[in-house]
Amino acid sequence: MSQRTLVLLKPDTVRRGLVGEVLGRFEAKGLSIVALEFRTIDGETADQHYAEHVERDFYPPLRAFVTSGPLVALVLEGDEAIEVVRALNGATDGRKAAPGTIRGDLSLSNRENLVHGSDSPESADREIKIWFPDLP
Ligand code: IDP
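Residues numbered from 1 in each chain as written. Predicted model: local features only at pLDDT ≥ 70, side-chain atom pairs only at ≥ 80, totals over all residues.

Okay, the UniProt feature "active site" (unreviewed entry) in the chain next. UniProt annotation of "active site" (unreviewed entry) refers to His 116 when read in the numbering used here. Structurally, His 116 is set in strand β4 (residues 115-117). A residue is classified by how many C-beta atoms lie within 10 Å of it, and His 116, with 21 of them, is buried. When near neighbours in sequence (up to four residues on either side) are disregarded, His 116 contacts Val 7, Leu 8 and Lys 10. (UniProt positions renumbered as here; feature names shortened; annotations may be inferred. Helix = DSSP H or I, 4+ residues; strand = E, 2+ residues; numbered from the N terminus. Buried ≥ 20, exposed ≤ 12 C-beta atoms within 10 Å, placed from the backbone. Contact = placed C-beta atoms within 7 Å.)

Here is the structure:
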């Protein structure tokens, strides 16, 4: 079943010069880019995106991190795109993520873990509306 999912290449991906490497993995897998934007977000947008985490202990440093510089937001589309992207991303903690995944190969942190991918169809709908409100 074709799905859309919201993906972020977080500011560490941009700072480390890994946009091409990470985007290339999604493209090589066969997912299509249907929207893409390079932007720096403010704290309010971070709060909207991470609404389920705003009360968590790890949120203040996460908020500072995701607003610390430009990121790439995109919508990817393809068969089972939500699960496929999360499998490519790997486990949240880069130190524990499996080799072969983006985080497992390229991140050594549980905060600066390079990528975000929506975790369910409901999250994907909600997040796509936040980042790309005009996307048909
Ligand atoms: P996910 O990005 O793998 O779906 P979530 O649990 O939704 O993981 O957490 C959102 C983001 O918050 C993570 O990608 C990571 O950047 C950050 N994060 C999650 N747990 C921790 C933590 O324990 N310490 C620091 N940052 C965390």
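From this point, the narrative continues.
Where helix α5 (residues 81-89) is concerned, the buried positions are Ala 81, Ile 82, Val 85, Leu 88 and Asn 89. End-on, the buried residues of α5 take up no more than an arc of 135°, which puts them together on one face. In this structure, the buried side of α5 is in contact with β1 (2-9), α2 (19-29), β3 (71-79), α6 (102-106), β4 and α7 (121-131). Following α5 by one or two positions, Gly 90 adopts a phi angle in the positive range, close to 90°. (Arc of directions from axis to C-beta.)

Okay, the environment of His 53 next. Checked against the element boundaries, His 53 lands in the loop between α3 (43-49) and α4 (59-66). On the basis of neighbour count, His 53 is assigned to the partly exposed category, with 14 C-beta atoms found within 10 Å. Those residues in contact with His 53 that lie beyond four places of it in its chain are Tyr 59 and Leu 62.

Formed by 24 residues in total, the largest nonpolar core has its most connected members in Val 7, Leu 76 and Val 115. Counting residues per element, the ones that place at least two in this core are β1, α2, β3, α5, α6 and α7. The dominant element in this core, judged by the number of residues it contributes, is β3, at five residues. In this structure, Leu 76 is in contact with Thr 5, Val 7, Phe 26, Leu 31, Ser 32, Ile 33, Ala 81 and Val 85, ignoring residues within four places of it in sequence. (Core = buried A, V, L, I, M, F, W, Y, C linked by C-beta atoms within 7 Å.)

We now examine the site of the ligand. Surrounding the ligand, one finds His 53, Phe 58, Leu 62, Thr 92, Asn 110, Arg 111, Asn 113, His 116 and Asp 119. A per-class count over the shell around the ligand returns two nonpolar, five polar and two charged. (Near = placed C-beta within 6 Å. Nonpolar A, V, L, I, M, F, W, Y, C, P; charged D, E, K, R; others polar.)

Residues other than glycine seldom take positive phi values, yet Glu 80 does so here, at roughly 50°. The residue Glu 80 is located in the loop between β3 and α5 in this model. Residue Leu 114 is not a glycine yet carries a positive backbone phi of 75°. With respect to the secondary-structure elements, Leu 114 resides in the loop between α6 and β4.

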